[in-house]
Amino acid sequence: EPEVTQTPSHQVTQMGQEVILRCVPISNHLYFYWYRQILGQKVEFLVSFYNNEISEKSEIFDDQFSVERPDGSNFTLKIRSTKLEDSAMYFCASSELYSNQPQHFGDGTRLSIL
Amino acid sequence: GENVEQHPSTLSVQEGDSAVIKCTYSDSASNYFPWYKQELGKGPQLIIDIRSNVGEKKDQRIAVTLNKTAKHFSLHITETQPEDSAVYFCAARNSQGAQKLVFGQGTRLTINP
């Protein structure tokens, strides 16, 4: 069964450094998403991406965050200058179309900011 | 915006018994409600979903019910097995222009053999 894959599984970074989280969505999917889950809290929406542009973003997704689809398979989340509070699990998801189609999640990247 | 509340936060049942997890949502325009199961070290896995044009959906031992008037929906697992032990999340989405899922807090379900 096709799946969303994320790398790395765990990323440790010094505060203030840039980090890039990578995702390979399911191949025939058109919508891509990033969510995060701070330990013990809800899964929170960050951003959705369609047709090479952001279609929706949350207030969490400020100027420190950016997303990109650099080629036909990868979807990345970049945090420019990491803060301690960016420590969380980051999940990538994809769906065929946005309208009531299921979102399928990867296994996440655990980001630890020191 | 949408807010989803889920309870209980933890649930322990004997193997073979049923488990019920409940969620409420605030946005009456929400029309899609998925349930996800998350096992240790894994991402959320979709197990069942329901759209607002139906009141109930079943898939083997799993069922979901939706009450649009009361704005709540529930996950029912019958004949529970040890492999059902996991964290379960409900979510809601308003698909009129928005794609984001709004999640509940999660329920840690433990099946006791």
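Please refer to the structure higher up on the page.
None of the values given here were measured: they were computed from a predicted structure.

J.: Hey, could you go over the sheet that holds strand β3 (residues 19–24) of chain A for me, with residue numbers and the actual values?
T.: All names here are of chain A. Overall, antiparallel pairing links the 4 strands, which are arranged β1-β3-β8-β7 in an open sheet. In the strand order of this sheet, the two ends are held by β1 (5–7) and β7 (65–68), each with one partner. The average undirected angle you get between the axes of adjacent strands in this sheet is 20°. As paired strands, β1 and β3 are joined by 3 bridges and run antiparallel to one another. Directly across from T7, in β3, lies its bridge partner R22.

J.: Give me the interface of chain B and chain A: which residues, what numbers.
T.: With 24 residues of chain B at the contact, the number on the chain A side is 20 residues. Here chain B packs against chain A, burying approximately 1900 Å² in sum over the two surfaces, 50% of which is carbon and sulfur. Remark: the boundary between chain B and chain A carries 1 salt bridge. A salt bridge links K42 of chain B to D107 of chain A, with the nearest nitrogen and oxygen atoms 3.9 Å apart. Contributing elements (two or more residues each) for the side of chain B that touches chain A: β1 (4–7), β4 (32–38) and β5 (45–51) of chain B. Grouping the constituent residues of the side of chain B that touches chain A by class yields 9 nonpolar, 9 polar and 6 charged.

J.: An account of the state of the cysteines is needed here, citing residue identities and associated values.
T.: All names here are of chain A. Summed over all chains, the structure comprises 2 disulfides over all chains. A sulfur-sulfur distance of 2.0 Å marks the disulfide that ties C23 to C92. Across the disulfide from C23 to C92, rotation about the S-S bond amounts to roughly -65°, and the bridge is consequently left-handed. With C23 in strand β3 and C92 in strand β9 (residues 88–95), this residue pair connects regions lying 69 residues apart in the sequence.

J.: Summarise the packing of aromatic side chains; cite the residues concerned and give the values.
T.: Tallying each qualifying case throughout the model produces 18 aromatic pairs over all chains. Judged by centre distance (6.4 Å) and plane angle (75°), the rings of F91 of chain A and F105 of chain A are edge-to-face. Within this pair, whereas F91 of chain A is found in strand β9, its partner F105 of chain A is found in strand β10 (residues 104–105), the two being separated by 14 residues in sequence. Each member of the pair, F91 of chain A as well as F105 of chain A, is classed as buried. With a centroid separation of 6.2 Å and an interplanar angle of 85°, the aromatic rings of F89 of chain B and F103 of chain B are classed as edge-to-face.

J.: Which residues make up the side chain of K37 of chain B, and what values go with them?
T.: All names here are of chain B. For K37, the position within the fold is in strand β4. Polar side-chain contacts of K37 include one of 2.9 Å to the backbone oxygen of E83. Those residues within four positions of K37 in sequence are excluded, and the remaining contacts are G43, P44, Q45, I47, E83, D84, A86, V87 and Y88.

J.: Got a sec to walk through the sheet that holds strand β6 (residues 56–59) of chain B? Specific residues and values, please.
T.: All names here are of chain B. Strand order in the open sheet made by the 5 strands is β1-β3-β8-β7-β6, with antiparallel pairing throughout. Looking at the sheet topology across the chains shown, the edges are occupied by β1 and β6. If you compare each strand with its neighbour and ignore which way they point, the axes differ by 15° on average. Two elements, β6 and strand β7 (residues 62–67), share 4 bridges in a ladder whose sense is antiparallel. Its bridge partner lying in β7, D59 is registered against I62.

Rules used throughout
- Residues numbered from 1 in each chain as written.
- Chains lettered and ligands numbered in written order.
- Predicted model: local features only at pLDDT ≥ 70, side-chain atom pairs only at ≥ 80, totals over all residues.
- Heavy atoms only, no water.
- Pairing = 2+ DSSP bridges.
- Helix = DSSP H or I, 4+ residues; strand = E, 2+ residues; numbered from the N terminus.
- Axes fitted to C-alpha atoms, helices over the stretch in contact; angles between N-to-C directions.
- Contact = heavy atoms within 4.5 Å.
- Buried area = accessible area lost by both parts, 1.4 Å probe.
- Salt bridge = Lys/Arg side-chain N within 4 Å of Asp/Glu carboxyl O.
- Nonpolar A, V, L, I, M, F, W, Y, C, P; charged D, E, K, R; others polar.
- Disulfide = S-S within 2.5 Å.
- Phe/Tyr/Trp six-rings, centres within 6.5 Å; stacked < 30°, edge-to-face > 60°.
- Buried < 20%, exposed > 50% of the residue type's maximum accessible area, 1.4 Å probe, protein only.
- Polar contact = N/O pair within 3.5 Å; in protein donor to acceptor, adjacent residues only side chain to side chain.

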